[in-house]
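Fold and contact review
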Amino acid sequence: MVLADLGRKLNAALSSLSRAPVVDEKVLDALLKEICAALLESDVNVKLVQQLRQKVKAKAKAYFESGADRGKEANRKNVVQKAIFDELVQLVDPGIEPYKPKKGHPNVIMAVGLQGNGKTTTCTKLAVYYQKRGFKSCIVCADTFRAGAFDQTRQSATKAKVAYFGSYTETDPVAIAAQGVSKFKKERFEVIIVDTSGRHKQESELFEEMVQIGQAVKPDMTVLVLDASIGQAAEAQSRAFKESADFGAIIVTKMDGHAKGGGAISAVAATQTPIIFLGVGEHLTDLDRFSPQPFISKLLGPRRCKLSIRDWREQIQNVMNMGPLSKIASMIPGLPQDLLQGSDEEGSLRMKRMLYITDSMSAVELDSDGSTASPRGSHGAYRASQRGSGTSVREVEELLCQYRMMANMAKQAGGKNGWMSAIQAMQRSMPPGMLQQMQRQMRGGGMQEMMKAMMGWTGRRPSRYGGNATGGMGGLGGLGGLGGGAGGMPNMGDMFKMMGMGGAGR
């Protein structure tokens, strides 16, 4: 897998940080030296690596000198890890929103790139991707330079059941592109993908042709198809295409290979253009939507096991954006079922109130594990959160309680990166009818009771959202062979192991 070697080296560096008894400037310098060496070996541009080093060091030093950590090495480690994570995300995230096709409207996408980058195959994958999402998709083959280009388009498009247009007799790519786009617009196609000619190097002819085709079809978005294996050449190549075609997005192909792949990261920074897809295989469905944070999380692996309050807040916001709470949130570990009583609107208001509390927290509190101080303590760091959000101390306590329950679940799932995938794996692995049985029991006993049974939690704090934090659940059948918890519920670590998710020791 591309960048797998980089991921291993970054993991090794972060592991050395975790083992360090004291985190000072010397340890920080040694860590950054390892991380920068790994990035350079993966063909990431040297200037980008220098900038990353400077930014991480500045963030860490500012935190060390502020004295906010009060000598807690765990807090220092978390701050350094988060700074590294954030700066790695910045490398692949220019902060620019790419064009999104609109239904009921013709969206013209022009693909450009050098020959051999996988452009023609990517065009078909792109058409399949949008077709599966309800768009009426098609392909226009305007590549008249490469022998067999139209044959390849015809074969792959026929296999994918995607409409296509091309010509064996017309030699002018501009004419083919214009005719094809005009034809498909009349036929009310919604995503029209124009495949252009490639060359073996950046020839002036290629760029002139791209400009002419662009003027003829007026694309809504031009996409650069970039080979993950080309290394340092990616920066120069992307700059040359940006100047001529002014592409608005990048698709990186051959991500299933063993190349270093850092050049693609350099291309993003050099052109300030977002990556939108990754080609991860030869099949027509092997096109993954790119998202910066999950990509870096996967690269770093399960080492970032801590689920901070900030992470928890982001997950709550993601849940609220996914759809009706009554359909989704009942399967999210750590969310009390009582929060969802009443209409979806009432459930949303309760969850928003929890978010208001986190909005009033400081950066240090958000990046902590909730143990900085008790809201009732004489030095309670969260008292300001309570006052700033217009809530009570009790409500802040309830929020921290729910956060800790979710953090425990994330820990057993192998860290925050494995948390959502663990939930999905649980649903897939359940015997027929088990999901419905769990939902019935959750409605009867409340989500908090289910969570306590799952994790063996023995707290007795009453819940503000209704019900009592004590009580158990009836046994769930169909999960024989797993260690039993309170009320007959299996141990979560055993469940994750059963599903191949690993356990808390990962």
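Source: prediction; values computed, not measured.

**With respect to the overall build of the chain**
Each helix and strand in the chain was counted, giving 21 helices and eight strands. For the chain, the residues scored as buried account for 52% of the 506 residues in total. Here the analysis covers contacts within the chain between residues at least 6 apart in sequence; of these, 73% occur between residues at least 24 apart. Here the chain displays about 22,400 Å² of accessible surface, and carbon together with sulfur accounts for 50% of that area.

**Side note on helix H11 (residues 292-300)**
Looking only at H11, the buried set comprises Pro292, Phe295, Ile296, Ser297, Leu299 and Leu300. On the buried face of H11, the contacting elements are helix H1 (4-19), helix H4 (73-92) and strand S7 (275-279).

**Points about the sheet that holds strand S2 (residues 137-142)**
With respect to topology, eight strands assemble into an open sheet ordered S3-S2-S4-S1-S5-S6-S7-S8, the strand pairing being mixed. Sheet topology places strand S3 (163-165) and strand S8 (287-289) at the edges, where each strand pairs with a single neighbour. The mean angle between the axes of side-by-side strands here comes to 25 degrees, regardless of whether they run parallel or antiparallel. Taken together, the three bridges between S2 and S3 define a ladder with parallel strand orientation.

**Examining the packing of aromatic side chains**
For any pair of aromatic rings, the description rests on two quantities: the centre-to-centre distance and the angle between the ring planes. The tally for this structure, following the rule as stated, stands at nine aromatic pairs. Ring geometry for Phe207 against Phe241: centres 5.1 Å apart, planes inclined by 75 degrees, an arrangement best described as edge-to-face. Linking Phe207 in helix H8 (residues 204-217) with Phe241 in helix H9 (residues 233-245), this pair joins segments that are 34 residues apart in sequence. With respect to class, Phe207 is no different from Phe241; both count as buried. A cation over an aromatic ring shows up here: Lys103 above the ring of Phe135, its NZ or CZ 5.4 Å from the ring centre. Arg133 extends its terminal NZ or CZ atom over the ring of Tyr129, reaching a point 3.6 Å from the ring centre.

**Things to note about the side chain of Lys77**
Mapped onto the fold, Lys77 is located in helix H4. There is a polar contact of 2.8 Å between the side chain of Lys77 and the backbone oxygen of Ala20. Excluding residues within four positions of it along the chain, Lys77 makes contact with Leu17, Ser18, Ala20 and Val23.

**Focus: the nonpolar core**
If you look at the biggest cluster of nonpolar residues, it comprises 73 residues, and the most contacted ones within it are Val80, Leu88, Val194, Phe241 and Ile296. Sorting elements by how many residues they give to this core places H4 first, with eight residues. Aside from chain neighbours lying at most four places away, what touches Val80 is Leu17, Val23, Leu28, Leu31, Ala60 and Phe64. In terms of nonpolar packing, the next biggest core, distinct from the first, is built from 24 residues, Ala160, Val162, Ile276 and Leu287 among them.

**Describing H4**
Given a rise of 1.5 Å per residue, 20 residues ought to cover 28 Å, and the 30 Å separating the end C-alpha atoms of H4 matches this to within 8%. Residues of H4 that are buried: Arg76, Lys77, Val80, Gln81, Ala83, Ile84, Phe85, Glu87, Leu88, Val89, Leu91 and Val92. For H4, the elements touching its buried residues are H1, helix H2 (25-41), helix H3 (46-66), helix H10 (262-271) and H11.

**Quick notes on the environment of Gln317**
Positionally, Gln317 belongs in helix H12 (residues 309-322). Put simply, Gln317 and Leu355 are 38 residues apart on the chain and 8.3 Å apart in space, counted from C-alpha to C-alpha.

**Comments concerning the environment of Leu40**
Secondary-structure assignment places Leu40 in helix H2. Spatially, the C-alpha atoms of Leu40 and Gly263 are 10.0 Å apart, while their sequence positions differ by 223 residues. Sequence-distant contacts of Leu40, defined by excluding residues within four places in its chain, comprise Val46 and Val49.

**A word on the side chain of Thr120**
Here Thr120 is to be found in helix H5 (residues 119-132). Within polar-contact distance, the side chain of Thr120 engages the side chain of Asp195 at 2.8 Å.

**Quick word on the pattern of salt bridges**
Under the criterion given, the structure shown has 13 salt bridges. Between Glu187 and Lys183 there is a salt bridge whose closest N-O contact spans 3.0 Å. A relative accessible area of 35% means that Glu187 is categorised as partly exposed. Judged by relative accessible area, which is 32%, Lys183 ranks as partly exposed. One salt bridge connects Lys254 with Asp227, and the closest N-O pair in it is separated by 3.1 Å. You can see Lys254 sitting in the loop between strand S6 (249-253) and H10 and its partner Asp227 sitting in strand S5 (residues 221-227), a full 27 residues away along the chain. Look at Lys254 and you get partly exposed, because its relative accessible area is 36%.

**Here we look at the packing of helix H7 (residues 173-186) against H8**
At a minimum axis separation of 9 Å, H7 and H8 run at an interaxial angle of 25 degrees. When the interaxial angle is binned, H7 and H8 end up roughly parallel. For the pair H7 and H8, the sense of crossing is right-handed. Residues Pro173, Val174, Ala177, Ala178 and Val181 of H7 pack against Glu209, Gln212, Ile213, Ala216 and Val217 of H8.

**Regarding the pairing of S6**
The element S6 is largely enclosed, with a buried count of five among its five residues. Examined bridge by bridge, S5 and S6 share five bridges and lie parallel to one another. Among the inter-strand pairings, Val223 is bridged to a residue of S6, identified as Ala249. For the crossover that starts at S5, traverses H9 and ends in the parallel S6, the hand is right-handed.

**Some details on unusual backbone geometry**
The phi dihedral of Arg188 falls on the positive side, at around 60 degrees, and the residue is not glycine. Mapped onto the secondary structure, Arg188 falls in the loop between H7 and strand S4 (191-196).

Thresholds, definitions, all that
- Residues numbered from 1 in each chain as written.
- Predicted model: local features only at pLDDT ≥ 70, side-chain atom pairs only at ≥ 80, totals over all residues.
- Heavy atoms only, no water.
- Helix = DSSP H or I, 4+ residues; strand = E, 2+ residues; numbered from the N terminus.
- Buried < 20%, exposed > 50% of the residue type's maximum accessible area, 1.4 Å probe, protein only.
- Contact = heavy atoms within 4.5 Å.
- Areas by Shrake-Rupley, 256 points an atom, 1.4 Å probe, with all protein chains shown as cover.
- Pairing = 2+ DSSP bridges.
- Axes fitted to C-alpha atoms, helices over the stretch in contact; angles between N-to-C directions.
- Phe/Tyr/Trp six-rings, centres within 6.5 Å; stacked < 30°, edge-to-face > 60°.
- Lys NZ or Arg CZ within 6 Å of the ring centre and 35° of its normal.
- Polar contact = N/O pair within 3.5 Å; in protein donor to acceptor, adjacent residues only side chain to side chain.
- Core = buried A, V, L, I, M, F, W, Y, C linked by side-chain atoms within 4.5 Å.
- Expected span 1.5 Å × (residues − 1).
- Salt bridge = Lys/Arg side-chain N within 4 Å of Asp/Glu carboxyl O.
- Parallel < 35°, antiparallel > 145°, perpendicular 65-115°, else oblique.
- Left-handed = near helix turned anticlockwise from the far one by under 90°.
- Right-handed = clockwise from strand over helix to strand, strands pointing away.

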